[in-house]
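The lines below spell out each chain.
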Amino acid sequence: MKTTIAEVHKYVDQEVTIGAWIANKRSSGKIAFLQLRDGTGFIQGVVVKAEVNEEVFQKAKSITQESSLYVTGMIKVDERSPLGYELLVTNMEVIHEAVDYPITPKNHGTEFLMDNRHLWLRSKRQHAVMKIRNEVIRATYEYYNQNGFTKVDPPILTGSAPEGTTELFNTKYFDEDAYLSQSGQLYMEAAAMALGKVFSFGPTFRAEKSKTRRHLIEFWMIEPEMAFYTHEESLKVQEEYVSYLVQSVLKNCKLELGVLGRDTSKLEQVQAPFPRITYDDAIKLLHEKGFDDIQWGDDFGAPHETAIAESFDKPVFIIHYPTALKPFYMQPHPEREDVVLCADLIAPEGYGEIIGGSERIHDYELMKQRMEEHDLDPAAYDWYLQLSKYGSVPHSGFGLGLERTIAWISGIEHVREAIPFPRLLNRLYP
Ligand code: 4AD
Ligand code: MG
């Protein structure tokens, strides 16, 4: 019976054949242990000299790392293995012999591994992170589909830039200038006026000259937008959605979290509601913690976010930032000129901002004024301005950064491992 490692539980004490690669190997005179992987998982294959013919045992002894093969054997329950099963090998048919695979089980430096990302993806840890990424994607669609949202795909080639004009990738659009999307938000606002509750899920691009463990040049963002939702109602969606993601990974990726050595007790606490702190109080908190140089009106850097997050055991919303720190479209606080109805959601354990969101301006005159203040080209933004002219309603939305969320849930050090082929400041290959 041909099967996969993910399905072996169905074939206990039966003979199966699996298409696989050799992840690792060790052998003695009498027995060989093959770490087999097939994309669906990892299983140990045991080849006992006394129980197979000599040719099979010699193959097992000489086979090289990352060679591909069809391996046949009996599935046995094995309490000691994380999978719970092992394969008692009876036959091996080598498909392709790999020569001098560069990523050996010894330790390699990060640059070397990044140069070999196309191969590094095969490792147990990277496999686990990609499986967690897949679960976060699956749970995202499930959450929004269960809650009455319609998926809308905003364009990637755009003429307008919602998040400021300094971090744009330019390209030619025949004779016109175009930019790679930094955020689909403006289009999602248009879509919300047509479909009520919408979400997007796509790649976004930022030409940020930042080289930190939280920044990618190309990253994926989930951007929900909701007509008739206040900022407060949007915060409820955000905390429910993030809790849903974390609880889904805890439930469906036990093996992967184990491979990564993730402390899951911290993730178990991630259940809505999440604490909130105003920007004003966050400044006070930072002063209490000895950050003397930060003043009201300054933006937070990574050390500030980490220090704020340390005071809470769940993700924390920092609400009501100064107007001057945020983009043009945010709705002012009803009682204060100087702050807006917005929130950044800061993940625990130093992972930083995973969501940025706000209520949006829906007053035509105010929107026009803000666009002028921000020097936005009226020709490029006329379509957006029209949204507040025809049946404008209060609405709110947010963007969750997929890779930062995955890095946090997986407990990995750097966002570069949370995406299959990261685009970084100095890296366009592989
Ligand atoms: O806070 P940002 O810039 O918000 C927006 O783009 C809004 N227009 C979203 C909206 O309201 N629809 O980005 C949203 C999130 C951040 O919180 C962060 O998680 C992630 O996107 N992000 C990055 N992730 C990796 N690398 C980068 N360079 C990122 N920049 C932002
Ligand atoms: Mg932000």
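Keep in mind that this is a model prediction, so the values were computed, not measured.

This part is about the overall build of the protein. For the protein, the helix and strand inventory stands at 13 helices and 19 strands. For the protein, the spread of C-alpha atoms along the three principal axes comes to 85 × 55 × 40 Å. Put simply, the protein has 430 residues, and 37% of those count as buried. Taking contacts inside the protein between residues at least 6 apart in sequence as the whole, the part at least 24 apart equals 66%.

Here we take up the domain arrangement of the protein. For the protein, the assigned domains read domain 1 (2-96) and domain 2 (117-418). When each unit is reduced to the centre of its C-alpha atoms, the spacing between domain 1 and domain 2 is 44 Å.

On to the pairing of strand β5 (residues 68-77), then. Two elements, strand β2 (residues 15-27) and β5, share seven bridges in a ladder whose sense is antiparallel. Considered in β5, the bridge of valine 16 is made with glycine 73. Note that β5 and strand β6 (residues 85-96) share ten bridges and pair antiparallel. From the neighbouring strand, lysine 76 faces β6, where its bridge partner is glutamate 86.

The environment of ligand 1 is made up of 23 residues, and the closest members are Ser183, Gln185, Gly356, Gly399 and Gly401. Among the secondary structure elements, those contributing two or more residues to the shell around ligand 1 are β12 (218-227), β18 (352-360), β19 (395-401) and α13 (402-410). If you tally residues by element for the shell around ligand 1, the top one is β18, at five residues. Here the shell around ligand 1 is composed, by residue class, of eight nonpolar, eight polar and seven charged.

This paragraph deals with the sheet that holds strand β10 (residues 176-180). Pairing is antiparallel in the open sheet, where three strands are placed in the order β8-β10-β9. A single partner strand is all that each edge strand has here, and the edge strands are β8 (157-158) and β9 (170-173). When β9 meets β10, the two strands line up antiparallel, connected through four bridges. Bridge pairing links tyrosine 173 to glutamate 176 in β10.

Now for the sheet that holds β12. A sheet is described by the order of its strands in space; here eight strands give the open sequence β7-β11-β12-β19-β18-β17-β14-β13, paired in mixed fashion. At either end of the open sheet lies a strand with only one pairing partner, and these are β7 (150-151) and β13 (276-278). Examined bridge by bridge, β12 and β19 share five bridges and lie antiparallel to one another. What sits directly across from alanine 227, in β19, is histidine 395.

Turning to the packing of helix α4 (residues 124-146) against helix α6 (residues 231-252), a few remarks are in order. The description of two packed helices rests on the angle between their axes and on the distance between the axes. Contact geometry of α4 with α6 gives a least axis separation of 9 Å together with a crossing angle of 130°. With respect to each other, α4 and α6 are oriented oblique. Read as a crossing pair, α4 and α6 show a hand that is right-handed. Contacts from Ile132, Glu135, Val136, Ala139, Thr140 and Tyr143 in α4 reach Tyr241, Tyr244, Leu245, Ser248, Val249 and Asn252 in α6. The residue inventory of the contact of α4 with α6, partitioned by class, reads eight nonpolar, three polar and one charged.

To continue, consider helix α10 (residues 302-309). His304, Glu305, Ile308 and Ala309 are the residues of α10 that are buried. Take α10 and look down its axis: the buried residues cluster within an arc of 130°, on one side only. Against the buried residues of α10 lie β13, α9 (279-288), β14 (316-319), β17 (342-347) and β18.

On to the pairing of β10, then. Note that β8 and β10 share two bridges and pair antiparallel. In the strand pairing of β10, threonine 158 is matched with tyrosine 179. Counting the residues between successive antiparallel strands, the hairpin from β9 to β10 contains two residues, one of them, phenylalanine 174, with a positive phi of roughly 55°.

Alanine 272 connects to proline 273 through a cis peptide bond whose omega is 0°. With respect to the helices and strands, the residue proline 273 is situated in the loop between α8 (264-268) and β13. Omega for the bond connecting tyrosine 429 with proline 430 falls within 30 degrees of zero, at -10°, which places this linkage in the cis form. In this structure, proline 430 sits in the segment after α13.

Looking now at the nonpolar core. Grouped together as the largest cluster of nonpolar side chains are 74 residues, with contacts concentrated most on Ile132, Ile308, Val316, Phe317, Ile318, Leu402 and Ile406. By residue number, the principal contributor to this core is α6, which donates eight residues. The residues touching isoleucine 132, leaving out its near neighbours within four places in the chain, are Val249, Cys253, Glu256, Ile406, Ile409 and Ser410. Judged by nonpolar contacts, the second largest core, of 23 residues, contains Val8, Ala20, Leu36 and Val71.

With 22 residues, α6 should reach 32 Å at 1.5 Å per residue; the first-to-last C-alpha distance of 31 Å fits that figure. The set of residues buried in α6 consists of His231, Ser234, Leu235, Val237, Gln238, Glu239, Tyr241, Val242, Tyr244, Leu245, Val246 and Val249.

Turning our attention to the environment of leucine 257. With respect to the helices and strands, the residue leucine 257 is situated in helix α7 (residues 254-259). Sequence-wise, leucine 257 and proline 430 are 173 residues apart; in three dimensions their C-alpha atoms are separated by 27 Å. Residues contacting leucine 257, with those up to four places away along its chain left out, are Arg262 and Thr264.

Calculation criteria
Residues numbered from 1 in each chain as written. Chains lettered and ligands numbered in written order. Predicted model: local features only at pLDDT ≥ 70, side-chain atom pairs only at ≥ 80, totals over all residues. Helix = DSSP H or I, 4+ residues; strand = E, 2+ residues; numbered from the N terminus. Buried ≥ 20, exposed ≤ 12 C-beta atoms within 10 Å, placed from the backbone. Contact = placed C-beta atoms within 7 Å. Domains from an automatic or database assignment. Pairing = 2+ DSSP bridges. Near = placed C-beta within 6 Å. Nonpolar A, V, L, I, M, F, W, Y, C, P; charged D, E, K, R; others polar. Axes fitted to C-alpha atoms, helices over the stretch in contact; angles between N-to-C directions. Parallel < 35°, antiparallel > 145°, perpendicular 65-115°, else oblique. Left-handed = near helix turned anticlockwise from the far one by under 90°. Arc of directions from axis to C-beta. Core = buried A, V, L, I, M, F, W, Y, C linked by C-beta atoms within 7 Å. Expected span 1.5 Å × (residues − 1).

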